[in-house]
Amino acid sequence: MERGSLNPSSQKYSALIWRQFKKSRLAVICLVFVAILAAVAVAAPFIANDRPVLMRYNGSWSMPVLKMPVALRGVDLYELMSNPPAGTWMLMPPIKYSPGSYDLSSVLAAPSLQHPFGTDGDGRDVAAQLVWGSRVSLSVGVVAVGIAVAIGVLLGLIAGFYGGWIDIAVSRFIEVMICFPTFFLILAVLAFVGPSIYNIMIVIGVTGWTGVARLVRGECLKLRRREFVMAAAASGARDRRVMLRHILPNSMAPVLVSASFGIAGAILVEASLSFLGFGVPPSQPSWGSMLSQAQQFMDIAWWLTLIPGSAIFFTITAYNLVGEALRDAIDPNLRT
Amino acid sequence: MPLLSVEHLTTHLFTDSGVVRAVDGVSFSLDRGEALGIVGESGCGKSMTALSLMRLVPEPPGRIVGGRVLFQLTATGGPVDLLMLSNEQMRKVRGKRLAMIFQEPMTSLNPVFTIGDQIAEAIKLHEGGSRRQVQSRVVDMLSLVGIPTPAQRANDYPHQLSGGMRQRVMIAMALSCRPEILLADEPTTALDVTIQAQILDLLRRLQAEFGMSLVLVTHDLGVVAEVAQRVIVMYAGKIVEQGTVDQIFRQPLHPYTQGLLKAIPPLAKLPPGTRFATIPGTVPDLAHLPRGCAFADRCPKVRENCRENEVPDDPCNVGRLVRCFYASNP
Amino acid sequence: MQCGQARAVLLCIKSVTRDSCIVIRKTLKYSGDFTIHDPRSTIYEHMNDILVNIEDLKKRFPIEGGLLGREVAAVHAVRGVSLSIGRGETLGLVGESGCGKSTLGMLLLRLLEPDSGSIIFDGVDITRMSQRELRPLRRRMQVVFQDPYASLNPRMTVGEIVAEPLLVHRVARREERRERVIELIRLVGLSEDAYGKYPHEFSGGQRQRIGIARAIALTPSIIVADEPVSALDISIRGEILNLLCDLRERFSLAYLFIAHDLKVVEHLSHRIAVMYLGKIAELFPAEGLAAARHPYTQALASAVPLPDPGARRKRMVLAGDVPSQIVPPAGCSFHPRCPYAQEICKNVEPPLEEYQPGFKASCHFIAEMSERTVSHMAPALHDAVRV
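Residues numbered from 1 in each chain as written. Chains lettered and ligands numbered in written order. Predicted model: local features only at pLDDT ≥ 70, side-chain atom pairs only at ≥ 80, totals over all residues. Heavy atoms only, no water.

### Points about the overall build of chain B
- Looking only at helices and strands, chain B features 11 helices and 10 strands.
- A compact globule built from 330 residues would reach a C-alpha radius of gyration of about 20 Å, and chain B, at 21 Å, matches this within 12%.
- Going through the 330 residues of chain B one by one, you find that 57% of them count as buried.
- Taking all contacts inside chain B whose residues are at least 6 apart in sequence as the whole, residues at least 24 apart take part in 65%.
- For chain B, the computed accessible surface area is about 13,300 Å², with 51% contributed by carbon and sulfur atoms.
- Between the averaged position of the 34 positive side-chain charges in chain B and that of its 32 negative side-chain charges there is a distance of 2 Å. (Helix = DSSP H or I, 4+ residues; strand = E, 2+ residues; numbered from the N terminus. Rg over C-alpha atoms; globule rule 2.2 N^0.38 Å. Buried < 20%, exposed > 50% of the residue type's maximum accessible area, 1.4 Å probe, protein only. Contact = heavy atoms within 4.5 Å. Areas by Shrake-Rupley, 256 points an atom, 1.4 Å probe, with all protein chains shown as cover. Lys, Arg positive; Asp, Glu negative; His and termini not counted. Charge placed at Lys NZ, Arg CZ, Asp CG, Glu CD.)

Structure below.
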């Protein structure tokens, strides 16, 4: 019988999902939070820096945040900033500190107007570290999950589409991978290759694809029997076209959900690694290493643990809630 | 006095694209022992009407927003409005007085219990009795619906049975408490024709045997012609024509009924070049119904006033419900 | 008739593909030799021109069990079917669910691999061809599915869906392709603005039209129509059937028309094959349903509920269910339900034999299934004609 005759509203599938997604206000708030976080990470140099964003010196405009102008070569910028000569105009970022700038005059300062989130044991501004640390967290999350999704989709598609011994091989491989305790595997690998942000991304990505692969394989098995896929085969379409044009787009929605959860997981793994000292080098601020350094001041400087801790907490919660709302949105059983 | 009389039953679905008037002021009555057919195409509101009678409308998005369903619950007292009963009272009516079977017998049965257990459950719920009594009732019911070796079959799980057998089990379960009314929502649509013939025969036989009233909801006019005594034709949430089976099939007066009957290919080879009769156009969007007659856009007899005025029950005074200003023989 | 074909030729010249021209030329040749007024009978009389020939085709689906995935049993879907379809002929394939009719259609298209037997398509044995070798032949055989909701990719626009076969076979360049697609969309009775819309914006009937446009995009020689109207409302069915009729005349298409409903198949087909448990029970010209004698065909015909309250006839209700496809009954597969079954039916399998010109059946007692056994459903047939 004719289904859907009650609902002839015209929309793309993505628009349909969005409409469903919007129904959850909390999810939308989380999505906005995630978007702001991404913007902060991208724009970190413009948000927390000890150099001016824009300045006019000796009659020429420059952006010292990005590149030291030629006119300033040999000039002590910090000296200049404290005593600007006439005709000099400067626009400072909202947080006037770099994560690496030590201010030994205010060590372990509690949150104040000058340092909204206080300073750490070396006099570094916590807000600046938090802003720059988001770069590490988010890039590790996104890139690692990107790698995981790429591997998972590829293997899952191939296994589900061709079946037979290929499917058996891939499925057994997935099962073997799942049997490893992932976190200790990552620790072991990092002990060999050395901790750098790139190695972390790759290691998390290479160990985290199994869920996506299983998901895509299942979707593929289901879709392979669908009539539109049969119709494509009947019109002589090659396997690659059937996979990429017909099966993949129709199995992307659940992958997106799993990616959202995956990012949350990867951020947590990165924070844990940094906390244990296997993460990014200490010169690069990250939320995990901030927490790790905060340990020794736990009893006297609450802000050092609370601020990066809640940053991790809220970010992971936001990604998880977005993923959950997405999962509900693509579930046709919940659609009204 | 009719056993059941439905007055201005109105059920809406509150969806994103607007309020869908799934059942839009439906009134009819059902006598004791009568077989009533409700026919129409998908989206006409026939299933939603049956679900509304059972108060099983999925909520949300649906809600019964108006009307009365008067059921002669006791022989002496006045009729009771089912829509006014508490959930607890309604639960007691459901199954005991008013039972329903659905199109898909597989999904209507619980796969993890044997069919015997499921029928026993229905009996215990409403009538109770000792284990022995219940068990013998179960076997009686299964043999009544024509299941061979019922005592052994009672221990089968739903997946061990064929589609036709499952529908028989559903019927056995529905009839286990001897309800006065059986609502059958497309009971044979998922079945093959030879099995459909068996199930229709069974329904007819049981209806006569039990003196039960039957409401048969279907899209298949052939099925209605075989089983029903009175027929309701629905379109876009409204009853467009109502009459005895002879009136509907021999003198259809509404253009929609006429179109539907013509659209059924006869069981005979037509002369070459004959076109299949159709009703042009599609069912209107129930969330944005046009003013006037909902069938106007597809109607061959449409005139100006059809699109402007609400059509009353019997504007042509033919003596039965024919919702058309220009009701006439084809 | 002549005028109609001239129009078809014009249309063909207008369209770019070469195949359709050849097909039309062949049709023209026939009408030159014979002056017959119905185009379909023209084609029907020349069935010696066979397009598809299926010989003893078999297919079973293994059921795997246990840890090692050993085969524990098998569903015998198609158990030795021989059939032929002429150029431009419509063969109706009727049967209940599980009789193997859809599997047979998929085997013919080589969307499933047959276990044994042969499929000859236009003189070429395609039974064991690789998918790569088959690709050029795919232009000439297409499919229309039952479920208009599952048969269109929800992520592609109608334009992309209809254009896909053209794209896959590199027919026409981009602008030309767009023109062809729009022409096809119009041909199946949709408006041009369907091009950029998505499938879910259409009703079931309209979606089925889109599926048909995709199927005729490459002007195939045969379309396997797998229950194309079963999922549609009654008032819509006629439109789709009429469209299929029109396209058949326009492009000299052959159809393998699969259905469970005799009423739908009968009018459209030239011949009808009735399948039961993976085998052909009876094969007869569509005009000859009333004369078909196999007890299963009779039961199938008499089970159809007719929209006539007067025809509450004494019908032949078959007892029991369709037997298991995993362990099909020995002898005649219909014997457990057959009211006329004798001892021999339980042990010996009857061959499919011609019992009168154009009628073939597999029944030991087909000669004794006289007009008398047929007659009890005859009044109902007359009633139906009157309606």
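### Quick notes on the nonpolar core
Residues and elements named next belong to chain C.
- Judged by nonpolar contacts, the single largest core of 77 residues is most densely connected at Ile 210, Ile 212, Ile 216, Leu 247 and Phe 257.
- A per-element tally of this core places helix α9 (residues 234-251) first, with eight residues.
- Here this core gathers at least three residues from each of two domains, domain 1 (148-219) and domain 2 (292-386).
- Those residues in contact with Leu 247 that lie beyond four places of it in its chain are Leu 187, Ile 212, Ile 216, Ser 252, Leu 253 and Tyr 255. (Core = buried A, V, L, I, M, F, W, Y, C linked by side-chain atoms within 4.5 Å. Domains from an automatic or database assignment.)

### Topic: the pattern of salt bridges
- Taken as a whole, this structure holds 36 salt bridges over all chains when the rule is applied.
- Among the ionic pairs, Glu226(B) bridges to Arg204(B), the shortest N-O distance being 3.9 Å. Taken together, the positions of Glu226(B) in helix α9 (residues 221-227) and Arg204(B) in helix α8 (residues 193-210) put the pair 22 residues apart, joining distant regions of the chain.
- A relative accessible area of 26% means that Arg204(B) is categorised as partly exposed.
- In this structure, the salt-bridge partner of Asp49(C) is Arg87(C), at a minimum N-O distance of 3.0 Å. (Salt bridge = Lys/Arg side-chain N within 4 Å of Asp/Glu carboxyl O.)

### Description of the packing of aromatic side chains
- By the definition in use, this model includes 16 aromatic pairs over all chains.
- Between Trp61(A) and Trp89(A), the ring centres sit 5.7 Å apart and the planes meet at 70 degrees, which makes this aromatic pair edge-to-face. Of this pair, Trp61(A) sits in strand β2 (residues 60-62) while Trp89(A) sits in strand β3 (residues 89-91), placing them 28 residues apart in sequence.
- Residue class for Trp89(A) comes out partly exposed when judged on its relative accessible area of 42%.
- Through a chain of ring-to-ring contacts, the aromatic side chains of Tyr235(B), Tyr256(B) and Phe295(B) assemble into a single cluster.
- The cationic tip of Arg135(A) hangs over the ring face of Trp132(A); the distance from NZ or CZ to the ring centre is 5.4 Å. (Phe/Tyr/Trp six-rings, centres within 6.5 Å; stacked < 30°, edge-to-face > 60°. Lys NZ or Arg CZ within 6 Å of the ring centre and 35° of its normal.)

### Focus on a nonpolar patch on the surface
- Where nonpolar side chains cluster on the molecular surface, the patch consists of Ile63(C), Val72(C), Ile326(C) and Val327(C) and spans about 340 Å² of accessible area.
- Relative to the elements of secondary structure, Val327(C) occurs in the loop between α11 (295-303) and α12 (343-347). (Patch = residues over 30% accessible without salt bridge, like charges linked within 9 Å, V, L, I, M, F, W, Y side chains within 5 Å.)

### Observations regarding the layout of surface pockets
All names here are of chain B.
- Its volume calculated, the second largest pocket comes out at about 730 Å³.
- Taken together, 27 residues make up the lining of the second largest pocket; nearest its centre are Gln 118, Glu 121, Ala 122, Leu 125 and Met 173.
- The element contributing the most residues to the lining of the second largest pocket is helix α4 (residues 115-126), with eight residues.
- Considered class by class, the residues forming the lining of the second largest pocket number 14 nonpolar, seven polar and six charged. (1 Å grid on protein atoms, 1.4 Å probe; cavity = no way out; pocket = protein on both sides within 12 Å on 5 of 7 lines; lining within 4 Å. Points joined across faces, edges and corners; volume = space filled by probe spheres on them. Nonpolar A, V, L, I, M, F, W, Y, C, P; charged D, E, K, R; others polar.)

### What about unusual backbone geometry?
- In this model, Arg178(B) sits at a positive phi of 50 degrees, which is unusual for a non-glycine residue.
- With respect to the helices and strands, the residue Arg178(B) is situated in the loop between α7 (163-175) and β7 (181-185).

### Regarding the interface of chain C and chain B
- At the interface, 46 residues of chain C touch 50 residues of chain B.
- Taken together, the connections running from chain C to chain B amount to two salt bridges.
- Note that Arg250(B) and Asp308(C) form a salt bridge whose closest N and O atoms lie 3.1 Å from each other.
- Where chain C meets chain B, there are 10 residue pairs in polar contact (both at pLDDT 80 or more).
- Every element with two or more residues in the side of chain C that touches chain B is listed here: α9, α10 (262-268), α11 and α14 (378-386) of chain C.
- At eight residues, α9(C) tops the list of elements feeding residues into the side of chain C that touches chain B. (Polar contact = N/O pair within 3.5 Å; in protein donor to acceptor, adjacent residues only side chain to side chain.)

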